[in-house]
Amino acid sequence: STVNNQAEGSENNIGLNNICGVPATIRSPTWFRLDACTGSTTVRVQPSISGTAAYGFVVYTGACGSLTPIACSDTFGTAGELTFASDACQTYYVAYGPLKPATSTQFPVVGPGTLIIACTPSTPDADINGDGIIDGNDLALLLSQWGS
């Protein structure tokens, strides 16, 4: 959706420099809750109009009112994208919106876009007994549980 311009000092803006050390600001972010897979999760906005401004993302964990940022995007261009390590037992809160670099004097005007979320599950660990070696002992443990 199209977002209206707001003053840079607005409390609705997220300054990424204080959160992730990225000299940029997200204007009037849209928030969503994400229950991801264990592995890596990618969130992306693909603008439907070519040449529109980039989107930025911040991913948080925790409870509302006590959120901790764990990942930020710093991609400038025609699409915003962020990939982060995720855990299926964790709920994530994602804020995204138009991204303005610190060197710009005003927020860009953005057009509509499509939000894409992709999850890449992690590969199962074959070191079943946790001794740091994948060997016959792991296979023996696996076979001992076969059919159980």
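Description of the structure in this document. (Residues numbered from 1 in each chain as written. Predicted model: local features only at pLDDT ≥ 70, side-chain atom pairs only at ≥ 80, totals over all residues. Heavy atoms only, no water.)

Here we have three strands laid out as an open sheet, ordered β7-β4-β9, and antiparallel in their pairing. Edge positions in the open sheet fall to β7 (80-86) and β9 (113-121), since each of these has one partner strand only. Strand-to-strand twist across the sheet, computed as the mean angle between neighbouring axes with direction ignored, equals 15°. (Pairing = 2+ DSSP bridges. Helix = DSSP H or I, 4+ residues; strand = E, 2+ residues; numbered from the N terminus. Axes fitted to C-alpha atoms, helices over the stretch in contact; angles between N-to-C directions.)

The next thing to look at is the side chain of Thr41. When you line up the elements, Thr41 lands in strand β4 (residues 39-47). Here Thr41 falls in the buried class, since its relative accessible area comes to 1%. There is a polar contact of 2.7 Å between the side chain of Thr41 and the side chain of Ser86. Ignoring anything within four residues of it in the chain, the contact list for Thr41 reads Leu34, Ala36, Leu82, Thr83, Phe84, Ser86, Ile117, Ala118 and Cys119. (Buried < 20%, exposed > 50% of the residue type's maximum accessible area, 1.4 Å probe, protein only. Polar contact = N/O pair within 3.5 Å; in protein donor to acceptor, adjacent residues only side chain to side chain. Contact = heavy atoms within 4.5 Å.)

Taken together, the side chains of Ile128, Leu139, Leu141, Leu142, Leu143 and Trp146 present a nonpolar region at the surface, about 630 Å² in accessible area. Along the chain, Leu142 turns up in helix α2 (residues 136-144). Leu142 sits in the partly exposed class, given a relative accessible area of 41%. (Patch = residues over 30% accessible without salt bridge, like charges linked within 9 Å, V, L, I, M, F, W, Y side chains within 5 Å. Areas by Shrake-Rupley, 256 points an atom, 1.4 Å probe, with all protein chains shown as cover. Salt bridge = Lys/Arg side-chain N within 4 Å of Asp/Glu carboxyl O.)

Under the defined criterion, the tally for this structure stands at four aromatic pairs. Ring geometry for Phe57 and Tyr96: centres 5.7 Å apart, planes at 25°, overall stacked. Pair noted here: Phe57 is in strand β5 (residues 55-63) and Tyr96 is in strand β8 (residues 91-101), with a separation of 39 residues, a long-range link. The exposure classification of Phe57 matches that of Tyr96, with both residues buried. With a centroid separation of 5.2 Å and 65° between ring planes, the pair formed by Phe84 and Tyr92 is classed as edge-to-face. Here Phe84 matches Tyr92 in class, with each residue buried. (Phe/Tyr/Trp six-rings, centres within 6.5 Å; stacked < 30°, edge-to-face > 60°.)

Take the nonpolar core next. Grouped together as the largest cluster of nonpolar side chains are 14 residues, with contacts concentrated most on Leu34, Phe57 and Val59. Put simply, the parts of the chain that give this core at least two residues each are β3 (30-35), β4, β5, β7 and β8. Within the second largest apolar cluster, eleven residues are counted, among which are Ile26, Cys72, Tyr93 and Ala95. (Core = buried A, V, L, I, M, F, W, Y, C linked by side-chain atoms within 4.5 Å.)

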